[in-house]
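Below are the chains, spelled out letter by letter.
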Amino acid sequence: ERMALPQRIVFPPEKICMDWQQRQRPGAGLLNLGNTCYVNVILQCLTYTPPLANYLLSYEHSQSCQQRGFCMMCVMEVHVRKVLCSSASAILPGAVLRDLKFIGEEFEYGRQENAYKFLRCTLNAMQRACLSLDISSQETTIIYQIFGGFMKSRVTCLSCQAVVDSDKAFLDVSLDIRAASSLTTVLEDCVTPKELDQKECFKCSKCKKKVAASKRVTVHCTPRVLTLCLERADPCTGTKINKFVEYPEYLDLRPYMSDTAGEPFLCSLYAIVVHSGDTCLEGHFFCYTKVSNGLWYKMDDESVDNCDIHTVLGQQAYLLFYTR
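Quick look at the structure, then. (Residues numbered from 1 in each chain as written. Predicted model: local features only at pLDDT ≥ 70, side-chain atom pairs only at ≥ 80, totals over all residues. Heavy atoms only, no water.)

Here we take up unusual backbone geometry. Trans peptide bonds make up the majority, and among non-glycine residues the majority have a negative phi. The phi dihedral of asparagine 35 falls on the positive side, at around 60°, and the residue is not glycine. Its location among the elements puts asparagine 35 in the loop between strand S1 (29-30) and helix H1 (37-47). Of the residues examined, asparagine 35 reaches a relative accessible area of 35% and is grouped as partly exposed. You will see that glutamine 161, though not glycine, has its phi angle at about 70°, which is positive. You can see glutamine 161 is positioned in the loop between strand S3 (149-157) and strand S4 (163-170). (Helix = DSSP H or I, 4+ residues; strand = E, 2+ residues; numbered from the N terminus. Buried < 20%, exposed > 50% of the residue type's maximum accessible area, 1.4 Å probe, protein only.)

This is the structure in structure tokens:
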């Protein structure tokens, strides 16, 4: 079944600006009030996501926002402006910390949480804020237009070769890195057809019976900003996967797309999140982001230090952010 694509675009895609409107030095670092590093890294990565920052700096949302009480888009608008325009070396993301419960009810102030979970909840809260503007379909929001894409799942009957396609929307992609040494090998494995096991047995509409089938998943519609999570918690044991998985500064998505013909589809790395610590339940998060002046910085709570791309590419990355 194809997911119906939106009929009505509230924020026209041509207004989304992928490049920084102004070039400047990095903004402020973020104070840690005790176990709030998971909040800080996600706020910094989103602050330096060019199309999102351009949109938030334009006041486009707050000018039309009717939300009473908490609105994640308004909170982010204030936060991004505060970080990028502050003369202080570090600021407190007070509004975000005060409203943690509205972002995700599982978040508890003062308790260490997972940065990927916080990213997902933040994007969802921003998405809900956009939907409150009475939008007919969720794919029309600015959040979907920046972070949203579609995966295509194709199931092929191994008896008669009949195919069934379905689409699934995503805002981020989680990847199993247990057997991989590089991001490209993980992605190659994702798009390799796999035979469905007995439990998933497929009823072919042509053969009219349950048959063996294979399934292949590809990127059908690419997001403007691709967010990847290299899953570091082993799904069987819960222990942390401490290994280096190579990832490129420029990623060609073309081999992993439904349509592999055509020009390379290049995405450029602009932020990563790293988790240091022996277990997934404790430790510390910090990030590296490329700011509007084109330079990379390590952002570790209140400290913001210049670094080079070799340092960035040598990390045990947990989250990777690529932009078209």
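What follows picks up the thread again.
Residues Val173 and Leu175 point to one face of strand S5 (residues 173-176) and are all buried, whereas Ser174 and Asp176, pointing to the other face, are not buried. Bridging between S5 and strand S10 (residues 225-231) involves four bridges; their strand directions are parallel. Looking at S10, one finds that leucine 175 is bridged to leucine 230. (Pairing = 2+ DSSP bridges.)

Considering soluble globular proteins, one finds that nonpolar side chains tend to be buried as a cluster. Counting residues in each nonpolar core, the largest one holds 64 residues, and the members touching the most others are Ile42, Met73, Phe118, Ile143, Phe147, Val273 and Leu319. Take this core: its biggest share by element is 10 residues, from helix H7 (residues 115-131). In this structure methionine 73 touches Tyr55, Leu56, His61, Met126, Ala129, Cys130, Ile142 and Ile143, once residues within four positions along its chain are discounted. By size, the runner-up hydrophobic cluster in this structure holds 34 residues, among which are Leu175, Ala180, Leu253 and Trp296. (Core = buried A, V, L, I, M, F, W, Y, C linked by side-chain atoms within 4.5 Å. Contact = heavy atoms within 4.5 Å.)

With respect to the secondary-structure elements, threonine 289 resides in strand S13 (residues 284-290). What makes threonine 289 buried here is its relative accessible area of 0%. Residues within four places of threonine 289 in sequence aside, it is in contact with Gln44, Cys45, Tyr48, Tyr270, Ala271, Leu295, Trp296, Tyr297 and Met299.

Since one α-helical turn is 3.6 residues long, residues separated by three or four positions face the same way. Turning to helix H9 (residues 183-191), its buried residues number three or more, namely Leu183, Val186, Leu187 and Val191. Buried residues of H9, viewed axially, fall in a sector of 125°; they line one side. Among the structural elements, S5, strand S9 (213-221), S10, strand S11 (250-252) and strand S16 (317-323) are those in contact with the buried residues of H9. (Arc of directions from axis to C-beta.)

So, on to the pairing of strand S15 (residues 303-307). By the bridge criterion, five bridges tie strand S14 (residues 296-300) to S15 in an arrangement that is antiparallel. Paired with tryptophan 296 across the strands is cysteine 307, a residue of S15. As consecutive antiparallel partners, S14 and S15 are separated by two residues, and within that stretch aspartate 301 has a phi angle of approximately 55°, a positive value.

A few words now on helix H2 (residues 50-57). Of all eight residues making up H2, seven are buried, and the element is well covered by its neighbours. Those residues of H2 that sit buried are Pro50, Pro51, Leu52, Ala53, Asn54, Tyr55 and Leu56. Here the buried face of H2 lies against H1, helix H3 (60-64), helix H4 (72-85), H7, helix H8 (142-147) and S10.

Okay, the packing of aromatic side chains next. By the definition in use, this model includes nine aromatic pairs. Plain terms: the ring middles of phenylalanine 244 and tyrosine 247 are 6.4 Å apart, the flat faces sit at 50° to each other, and that makes the pair tilted. Directly above the ring of phenylalanine 286 sits lysine 298, whose terminal nitrogen or CZ lies 4.6 Å from the centroid. (Phe/Tyr/Trp six-rings, centres within 6.5 Å; stacked < 30°, edge-to-face > 60°. Lys NZ or Arg CZ within 6 Å of the ring centre and 35° of its normal.)

The subject of this paragraph is the environment of phenylalanine 150. Relative to the helices and strands, phenylalanine 150 resides in strand S3. With relative accessibility at 8%, the residue phenylalanine 150 sits in the buried group. Between the C-alpha atoms of phenylalanine 150 and lysine 168, which are 18 residues apart in sequence, the distance is 5.4 Å.

Relative to each other, H4 and H7 sit at 115°, their axes nearing to 7 Å. Classed by the angle they form, the pair H4 and H7 counts as roughly perpendicular. Where H4 abuts H7, its residues Met72, Met73 and Met76 lie against Thr122, Ala125, Met126, Ala129 and Cys130. Split by residue class, the contact of H4 with H7 holds seven nonpolar, one polar and no charged. (Axes fitted to C-alpha atoms, helices over the stretch in contact; angles between N-to-C directions. Parallel < 35°, antiparallel > 145°, perpendicular 65-115°, else oblique. Nonpolar A, V, L, I, M, F, W, Y, C, P; charged D, E, K, R; others polar.)

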